[in-house]
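Residue strings, one per chain:
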Amino acid sequence: LIPIVLASFLFAYLEGWHYVDAFYFFVSTSATIGYGDVVPQSTPMKVFAIFFIPLAVGAVGHTLGTVANFIVERRRAVYQ
């Protein structure tokens, strides 16, 4: 979550976006929804997004997997 917030602040500052729009962009993109209504306009930010988005998607996937594993293990312990 911290990298997404930091990237949101960077995008908001460099692209001139409102912080809510930048956070919305990164949350929807890292969740692989990507509506396309908010996109980076400058070339440097597009390049940054090319490298950051796969890392964010991987981080979200890892986090969701960790939470799911915790829930499964907890239920397994209760029912044994």
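Residues numbered from 1 in each chain as written. Predicted model: local features only at pLDDT ≥ 70, side-chain atom pairs only at ≥ 80, totals over all residues. Heavy atoms only, no water.

A. Just the overall build of the protein chain, in detail. Scanning the protein chain from N- to C-terminus turns up three helices and zero strands. When the helices and strands of the protein chain are listed from N to C terminus, the series reads α-α-α. Expected size for 80 residues packed as a compact globule is a radius of gyration near 12 Å; at 16 Å, the protein chain overshoots this value by more than 25%. For the protein chain, the residues scored as buried account for 24% of the 80 residues in total. If you take every contact in the protein chain between residues at least 6 apart in sequence, the share linking residues at least 24 apart comes to 42%. Approximately 5900 Å² of the protein chain is accessible, and the part contributed by carbon and sulfur atoms is 70%. Distance between charge centroids for the protein chain: 18 Å, based on 4 positive and 4 negative side chains. (Helix = DSSP H or I, 4+ residues; strand = E, 2+ residues; numbered from the N terminus. Rg over C-alpha atoms; globule rule 2.2 N^0.38 Å. Buried < 20%, exposed > 50% of the residue type's maximum accessible area, 1.4 Å probe, protein only. Contact = heavy atoms within 4.5 Å. Areas by Shrake-Rupley, 256 points an atom, 1.4 Å probe, with all protein chains shown as cover. Lys, Arg positive; Asp, Glu negative; His and termini not counted. Charge placed at Lys NZ, Arg CZ, Asp CG, Glu CD.)

B. Looking closely at the pattern of salt bridges. Here the structure, examined in full by the defined rule, presents one salt bridge. Salt-bridge contacts for Glu 73 lead to Arg 76; the nearest nitrogen and oxygen are separated by 2.9 Å. Pair noted here: Glu 73 and Arg 76 are both in helix H3 (residues 43–78), with a separation of three residues, about one helical turn. (Salt bridge = Lys/Arg side-chain N within 4 Å of Asp/Glu carboxyl O.)

C. A look at the side chain of Thr 29. When you line up the elements, Thr 29 lands in helix H2 (residues 19–30). Thr 29 sits in the buried class, given a relative accessible area of 15%. For Thr 29, the residues in contact, after removing those within four places along its chain, are Gly 34, Ile 53 and Val 57.

D. Representation of helix H1 (residues 2–15) within the structure. The terminal C-alpha atoms of H1, which comprises 14 residues, lie 20 Å apart, in line with the 20 Å expected from a rise of 1.5 Å per residue. Looking only at H1, the buried set comprises Ile 4, Ala 7, Ser 8, Phe 11, Ala 12 and Glu 15. Summarising the axial view, the buried residues of H1 lie within an arc of 140°, below the 170-degree limit, and thus occupy one face. The outward face of H1, more than 90 degrees from its buried face, is lined by the exposed residues Ile 2, Leu 6 and Tyr 13. Buried residues along H1 sit in contact with H2 and H3. (Expected span 1.5 Å × (residues − 1). Arc of directions from axis to C-beta.)

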